[in-house]
Amino acid sequence: MTEDHKGKQEETGKKPSLNFIESMIERDLKNQLHGDKVLTRFPPEPNGYLHIGHAKAISLNFGLAQKYNGNCNLRFDDTNPVTEEDEYVQSIKEDINWLGFKWANEFFASDYFDQLYAWAVKLVEMGKAYVDDQSAEKISETRGTPTRPGIESPHRTRSVEENLRLLEGMKNGEFNDGEKVLRAKIDMASPNMHLRDPAMYRIKKAPHHRTGNKWCIYPMYDFAHGQSDFIEGITHSLCTLEFEVHRPLYDWFLDQILEDKNAYRPRQTEFARLNINYTIMSKRKLLELVEEEHVTGWDDPRMPTISGMRRRGYTPLSIRNFAEKVGIAKRNNIIDVALLEHSVREDLNKISQRVFAVLDPLKVILTNYPENKEEEMMAVNNPEDENAGKRPVMFSRELYIEQEDFMENPPKKFFRLAPGGVVRLKYGYIIQCNEVVKDQSGNIKELHCEYFPESRSGSDTSGIKVKGTIHWLSAKHAVPAELRMYDRLFSDEDPSGHKDKDYREFLNPDSLIINEKAFVESSLRNAKPLDHFQFERKGYFSADHDTSSDKPVFNLTVTLRDSWAKISG
RNA sequence: UGUCCUAUGGUGUAACUGGCAACACGUCUGAUUUUGGUUCAGAAGAGUCUAGGUUCGAGCCCUAGUAGGACAACCA
């Protein structure tokens, strides 16, 4: 190594550590397996909304393409018309776009139906596929078990001519659903169940969201995926671990179809899917939550869907950073939600506008403050961003502070307001609590305090020392708002990990608490849906699409870290 | 009574076979702070599932075991 190189390496710090897929790609690039080409693909089935697990796969596939100067295709795996809908393809495209990725081409497996059918005919001609008349149940029975070989179908030895005729008949709608199925002729005794004459085509007399009524037979995933990769020239076909046992079949179909065994072929590589504690990632279960109305829809802010997280106030960057942080490996994992929350806070801290909001109001009357006086206090919009500027916040005689910022009998380490104590109103004055006014039942109704005129923020000559600073709102100027306070949807770390219990049993009854007694700064009347704010000392909130100037509505994205909560329990 | 995959601090990911293991999250100290936020400084926490083997030398290679996961839709 030259001095030059050494210097460069020292400048850039440590060698970047690669995950096993990056190592493979770099090895392939070095061996010029596909020249300098890197082409990946993200292949969602349009039968549901994308979730955070997909975000990991998206970041991987698109990220790899970016890193290695390649491209990534978006390919909808639409081989099962009964579960797939155009609504889903639209939402998927919107979500990927929102995450900030651009696909090189938009394809559909259904684009390849003609070619796939031609290949099926070819396999029949080669004697590698046959039409089976057995029912799905019968085929299932005769498939054997992982430890016991299957039994060959009586139709396995049909002549090529008959198979060809039958396949043609299937395609032409001469048979009903389930009456016939095209099977690959491989090995009923294979220890790999997927090689025991797997189905290639089944009859489904259902309209397809793109091909309409053109077809009544549809290829199975296994007969479509590898060939689709091949057609597009995909170099690295990445999928999750459960497809590992499908890889021999992926390769088998390619082996039959490829003329030149040494020519280009795509290769499947599997990585571990994302799991996060306190959440579920199964599309089927997420669909159930929507259909059974445990949530308000796919974009309910409690859902781990991209659209739900967007509405909750997550940013694209925070999700991409999260996907980066969880890493790529083959080991099953359960990521702590704390990492996700850290990722949003990290981004939101940098970009979000600070505002005052009082979630649980307690009235404070400044007895020595003139009745009709109002002042504009200048508040910093974002201490992390000098260019964010300042804004005026109205101050007056009657204020709201947080209920929890006052305690009649405070513990030792309580730095906020208490009888006879002082506290700084941020950007305002220091006040002292002189009287606690209660109603008949003994509940605290309001606080009578005095303010120190010479303690005004920025020109404080009072010399008074305070231990705490709290936020506040002028009662006269505060705007009532609806705050949707979200908590985790499930109360169990692994809701679907209990054999004897349904995941629904762990739904958290307090996952949404609507706060309608809160007040916010009047500037928030103008908040636009998806705008991000930090309600100082409370948390990050995002305006919901239900928000209006009459009634601002915000979703809690995530609370601020709260070390006081740890101390106070 | 099968095949395949995996096994590193609480969690997740690293470590180009060769300095009793690094980074992030989390946890705990302390400092700063007109957000009990942020930031900063620091600490605790694993001897790399077990047993053998190869080697001068193994978290990395081999064998066996153990544990976890995947596979028996005409789903993807």
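Residues numbered from 1 in each chain as written. Chains lettered and ligands numbered in written order. Predicted model: local features only at pLDDT ≥ 70, side-chain atom pairs only at ≥ 80, totals over all residues. Heavy atoms only, no water.

Let us look at the overall build of chain A. Across its full length, chain A holds 14 helices and 26 strands. Taking 569 residues into account, the globule formula puts the C-alpha radius of gyration at 25 Å, and chain A, at 31 Å, lies well above it. The C-alpha extent of chain A, read off along each of the three principal axes, is 100 × 70 × 40 Å. Relative to its full complement of 569 residues, chain A shows a buried share of 51%. Counting only contacts in chain A whose residues sit at least 6 apart along the sequence, the fraction spanning at least 24 positions is 70%. (Helix = DSSP H or I, 4+ residues; strand = E, 2+ residues; numbered from the N terminus. Rg over C-alpha atoms; globule rule 2.2 N^0.38 Å. Buried < 20%, exposed > 50% of the residue type's maximum accessible area, 1.4 Å probe, protein only. Contact = heavy atoms within 4.5 Å.)

Moving on, we come to the state of the cysteines. As used in these notes, a disulfide is a covalent bond between sulfur atoms, one from each of two cysteines. Summed over all chains, the structure comprises zero disulfides. Unpaired in terms of disulfides, Cys72 finds its nearest cysteine sulfur in Cys239, a separation of 14 Å. Under the relative-accessibility criterion, Cys72 is labelled buried at 2%. Under the relative-accessibility criterion, Cys239 is labelled buried at 10%. (Disulfide = S-S within 2.5 Å.)

This part is about the domain arrangement of chain A. The domains assigned to chain A are domain 1 (3-108 + 222-286 + 312-343), domain 2 (113-220) and domain 3 (361-471). Computed over C-alpha atoms, the centres of domain 1 and domain 3 are 52 Å apart. (Domains from an automatic or database assignment.)

Spatially, E2-E3-E4 is the arrangement adopted by the three strands of the open sheet, whose pairing is parallel. Bordering the open sheet on either side are strand E2 (39-42) and strand E4 (106-108), each of which pairs with just one other strand. Across this sheet, the average inter-strand angle for adjacent strands is 35°, counted without regard to direction. Where strand E3 (residues 71-76) meets E4, three bridges bridge the pair, whose relative direction is parallel. Across the sheet, residue Arg75 finds its bridge partner in E4, namely Phe107. Here helix H4 (residues 86-99) sits on the sheet and contacts E2, E3 and E4; the angle it forms with E3, its principal contact strand, is near 160°. Seen against the sheet, helix H8 (residues 221-232) touches E2, E3 and E4 and runs at an angle of roughly 140° to E3. (Pairing = 2+ DSSP bridges. Axes fitted to C-alpha atoms, helices over the stretch in contact; angles between N-to-C directions.)

Right, let's talk about the protein's contact with RNA strand B for a bit. Among the 70 residues in the neighbourhood of RNA strand B, the closest are listed as Thr79, Met193, Arg331, Arg416 and Ser457. Within 4 Å of the protein, atoms of RNA strand B come from sugar and phosphate in 64% of cases. Note that a sugar or linking oxygen of RNA strand B is positioned 3.4 Å from one of the side-chain N or O atoms of Asp77. Its residues placed into classes, the surface near RNA strand B shows 25 nonpolar, 22 polar and 23 charged. (Near = heavy atom within 4 Å. Polar contact = N/O pair within 3.5 Å; in protein donor to acceptor, adjacent residues only side chain to side chain. Nonpolar A, V, L, I, M, F, W, Y, C, P; charged D, E, K, R; others polar.)

Moving on, we come to the pattern of salt bridges. Under the defined criterion, the tally for this structure stands at 50 salt bridges. Note that Arg397 and Glu371 form a salt bridge whose closest N and O atoms lie 3.7 Å from each other. Of this pair, Arg397 sits in the loop between strand E15 (390-396) and strand E16 (398-402) while Glu371 sits in the loop between strand E13 (361-366) and strand E14 (374-380), and the two are 26 residues apart along the sequence. Since its relative accessible area comes to 57%, Glu371 is described here as exposed. Across the pair Lys373 and Glu375 runs a salt bridge whose closest N-O atoms are separated by 3.8 Å. Judged by its relative accessible area of 10%, Glu375 falls in the buried class. Salt bridges linked by common partners bring Asp299, Arg311, Glu482, Arg484, Glu516, Asp544, Asp546 and Lys551 together as one network. (Salt bridge = Lys/Arg side-chain N within 4 Å of Asp/Glu carboxyl O.)

This part is about the environment of Gly212. Residue position: Gly212 is located in the loop between strand E7 (199-203) and strand E8 (217-219). Sequence-distant contacts of Gly212, defined by excluding residues within four places in its chain, comprise Ala206, Pro207 and Tyr218.

A few words on the nonpolar core. In a soluble, globular protein the nonpolar side chains are often hidden away together inside. In terms of nonpolar packing, the biggest core is built from 46 residues, with Ile21, Ile52, Ile96 and Ile276 touching the most fellow members. Tallying contributions element by element places helix H3 (residues 52-67) first for this core, with eight residues. If near-sequence neighbours (up to four positions away) are discounted, Ile52 is found in contact with Leu274, Ile276, Met281, Pro304, Ile306, Met309, Ile319 and Phe322. Ranked by size, the runner-up nonpolar core spans 32 residues in total, among them Val131, Ala224, Tyr250 and Leu258. (Core = buried A, V, L, I, M, F, W, Y, C linked by side-chain atoms within 4.5 Å.)

The final tally for this structure, using the stated rule, is 29 aromatic pairs. Measuring from centroid to centroid gives 4.5 Å for Tyr400 and Phe519, while their planes differ by 10°, and the two rings are stacked. Of the two residues, Tyr400 is situated in strand E16 and Phe519 in strand E23 (residues 512-520); the sequence distance between them amounts to 119 residues. An identical accessibility class is assigned to Tyr400 and Phe519; each is buried. Among the aromatic residues, those joined into a cluster by ring pairs are Phe113, Tyr117, Tyr201, Trp215, Tyr218, Phe223, Trp252 and Phe253. Lys37 extends its terminal NZ or CZ atom over the ring of Tyr264, reaching a point 5.9 Å from the ring centre. When the ring centre of Tyr278 is taken as origin, the NZ or CZ atom of Arg488, which lies over that ring, is 3.8 Å away. (Phe/Tyr/Trp six-rings, centres within 6.5 Å; stacked < 30°, edge-to-face > 60°. Lys NZ or Arg CZ within 6 Å of the ring centre and 35° of its normal.)

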